[in-house]
Amino acid sequence: MSAPSAHPDNTNIDRIHSAAHREKADLVAGSLPAPTWVIFLGFIVAIIAGGQLGVMTGGYQFETSNPFATSIAADPRPKAVGGDAGGDPFQVAMKKGAGGYAVCGGCHQGNGLGIAGQFPPLAGSEWVLGGTERLIRVVQHGLTGAITVKGQNYNTPGGMQAFGAAMSAGDLANVLTYIRNNWGNEATMITKEMVEAVRTRESARTTQWTASELAAFEKENVPGPIPAGPGADAPAAK
Ligand code: HEC
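Structure report, in brief. Please read these numbers as outputs of a predicted model, since none were measured by experiment. (Residues numbered from 1 in each chain as written. Predicted model: local features only at pLDDT ≥ 70, side-chain atom pairs only at ≥ 80, totals over all residues. Heavy atoms only, no water.)

1. Points about the overall build of the chain
Heads up, the rule is: Here a helix means four or more residues in a row that DSSP labels H or I, a strand means two or more in a row labelled E, and each is numbered from the N terminus. Only protein chains enter the calculation, and the probe is 1.4 Å; a residue is then buried if its accessible area is under 20% of its type maximum, exposed if over 50%, and partly exposed in between. The contact criterion used throughout is that any non-hydrogen atoms of two residues lie within 4.5 Å. All accessibility values rest on the Shrake-Rupley procedure with a 1.4 Å probe; residue burial counts only the protein chains present in the view.
Across its full length, the chain holds 11 helices and four strands. Relative to its full complement of 238 residues, the chain shows a buried share of 30%. When contacts within the chain are restricted to residue pairs at least 6 apart in sequence, long-range pairs at least 24 apart make up 64% of them. Counting every atom, the chain has about 15,600 Å² of accessible surface; 61% of that belongs to carbon and sulfur.

Here it is in structure tokens:
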């Protein structure tokens, strides 16, 4: 056998593969930087997905939702009705007042109609629906002597006792709001602040009122904001 012919392809391996080298980069073991288009695609996906997540989880706002926010704004969403803390003040007062009315119901009755000739009605009573100054005074200090309610005369011996010492201003306000808005009655709510104002002004009063003493206050309302319910200063939060 003769010596292999000096074919150029057999003499230089590098030269044989140089064509392939030119066309394709070497594969190197280990990690390679991601191509730029992959990085951009990642950004786009993150932006779209983040936007969707924010919308779906509701009300994401950087100012209030990021953990480094310096001032967290109050949650503007309305609170559940009935909770003591955030419910509609009128509804809360009505609920509490219904419980507090137990101390009145023995005489004025659960239906607010009282007992003829003995205990006057609260349902439809001009004393209940009229000026808040007079109504607060009646329950705070009591009432005695002849009175007229819905055209009927009453003069029960002993009259009605004072409840001011036995009840907190808040409890009294709730009961009064309740009797002003039950059995078909409708009138502005009476707030704790209004009861406190009358208490402070009339702190020297130790005896029951008489109808003639209160005549001047028949239509007088204790000033102060009415937070909710009939005649509220601001529309009730829905
Ligand atoms: C022990 C019985 C008794 C209880 C309890 C009682 N009252 Fe009276 N109330 C009377 C009597 C009697 C009169 C009429 C007083 C008079 O003749 O001067 C009266 C009068 C009134 C009046 C004015 C007249 C009218 O009918 O509108 C109001 C308002 C009133 N009461 C509210 C209340 C509230 C609120 C409570 C509970 C916190 C209460 N009363 C608890 C016996 C009672």
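On we go from here.
2. Observations concerning the coordination of the iron atom of the ligand
Note the threshold: The rule for donors is simple: an N, O or S atom within 2.8 Å of the metal counts, and for Na, K and Ca the reach is 3.2 Å. Water is not among the atoms, so a site may look short of donors. Think of it this way: with four donors and all angles in the 85 to 135 degree range, the site is tetrahedral; with four or six donors, opposite ones beyond 155 degrees and the rest between 65 and 115, it is square planar or octahedral; otherwise it is irregular.
Binding of the iron atom of the ligand to the protein goes through H108 (NE2) and M160 (SD), at separations of 1.9 to 2.0 Å. Around the iron atom of the ligand, the six donor atoms sit at angles spanning 87 to 180 degrees, and that spread fits a shape best called octahedral. Separated by 52 residues along the polypeptide, H108 in helix α6 (residues 102-108) and M160 in the loop between β3 (152-154) and α9 (169-180) bring together distant segments of the chain. Owing to a relative accessible area of 10%, H108 belongs among the buried residues under this scheme.

3. Quick notes on the site of the ligand
Convention followed: The nearness test applies per residue and asks whether one of its heavy atoms lies within 4 Å of the molecule or strand. The definition of a polar contact used here is a pair of N or O atoms within 3.5 Å, where within protein one atom must be able to donate a hydrogen and the other to accept one, and adjacent residues in sequence count solely through side-chain atom pairs. Each residue gets one of three labels, nonpolar for Ala, Val, Leu, Ile, Met, Phe, Trp, Tyr, Cys and Pro, charged for Asp, Glu, Lys and Arg, and polar for the others, Gly among them.
Within the structure, the ligand sits among 27 residues, and C104, C107, H108, S125 and M160 are positioned closest to it. At 2.8 Å, a side-chain N or O of H108 approaches a nitrogen atom of the ligand. Here an oxygen atom of the ligand and a backbone polar atom of P121 are 2.6 Å apart. Of all the elements, α6 adds the most residues to the shell around the ligand, at four residues. Its residues assigned to classes, the shell around the ligand shows 20 nonpolar, seven polar and no charged.

4. Here we look at α9
Selection rule: The span one expects for a helix is its residue count, reduced by one, times 1.5 Å.
With 12 residues, α9 ought to run about 16 Å at 1.5 Å a step, and its terminal C-alpha atoms sit 16 Å apart, in line with that. The element α9 is largely enclosed, with a buried count of 11 among its 12 residues. Buried within α9 are the following residues: A169, G170, L172, A173, N174, V175, L176, T177, Y178, I179 and R180. Looking at the buried positions of α9, the neighbouring elements they touch are α5 (89-100), α6, α7 (126-129), α8 (132-141) and α10 (192-201).

5. Some details on the packing of α8 against α10
Which entries qualify depends on this criterion: Comment: axis = line fitted to C-alpha atoms, over the contacting stretch for helices; angle = value between 0 and 180 degrees taken between N-to-C directions. For classification purposes, an angle smaller than 35 degrees is called roughly parallel, one larger than 145 roughly antiparallel, one from 65 to 115 roughly perpendicular, and anything else oblique. Crossing handedness is defined as follows: a turn of the near helix away from the far one that is anticlockwise and smaller than a right angle gives a left-handed crossing, while the clockwise case is right-handed.
For the pair α8 and α10, the least separation of the axes is 10 Å and the interaxial angle reads 70 degrees. On the basis of their axis angle, the class for α8 and α10 is roughly perpendicular. Seen from above, α8 lies across α10 with right-handed handedness. Along the contact surface, α8 presents E133, I136, R137 and Q140, while α10 presents M194, V195, V198, R199 and R201. Classifying every residue of the contact of α8 with α10 by side-chain character gives four nonpolar, one polar and four charged.

6. A closer look at the packing of aromatic side chains
Stated precisely, the cut-off is as follows: Only centres within 6.5 Å qualify two rings of Phe, Tyr or Trp (six-membered ring in Trp) as a pair; their planes then separate them into stacked at under 30 degrees, edge-to-face at over 60, and tilted for everything else. Two conditions define a charge sitting above a ring: the NZ of Lys or the CZ of Arg must be within 6 Å of the ring centre, and it must be within 35 degrees of the ring normal.
Going through the model one piece at a time under the given rule, you end up with three aromatic pairs. Aromatic ring contacts, followed pair by pair, group Y101, Y178 and W183 into a single cluster. The ring of W127 has R134 sitting right over it, with the charged end atom 3.9 Å from the ring centre. A cation over an aromatic ring shows up here: R137 above the ring of F217, its NZ or CZ 3.9 Å from the ring centre.

7. A closer look at α5
In this model α5 runs 16 Å from its N-terminal to its C-terminal C-alpha over 12 residues, within 8% of the 16 Å that 1.5 Å per residue would give. Of the positions making up α5, those classed as buried are F90, V92, A93, M94 and G97. In the core, the buried residues of α5 are packed alongside α9.

8. A few points about the layout of surface pockets
The criterion, for reference: Here a cavity is any set of points on a 1 Å grid over the protein atoms alone where a 1.4 Å probe fits but cannot get out, and a pocket is any open set with protein on both sides within 12 Å along at least 5 of 7 lines; a residue lines the site when it has an atom within 4 Å of a point. Grid points are joined across faces, edges and corners, and a volume is the space filled by probe spheres set on the points.
Its volume calculated, the largest pocket comes out at about 550 Å³. It is α6 that contributes the most residues to the lining of the largest pocket, four residues altogether. Of the residues belonging to the lining of the largest pocket, the class tally is 21 nonpolar, nine polar and no charged.

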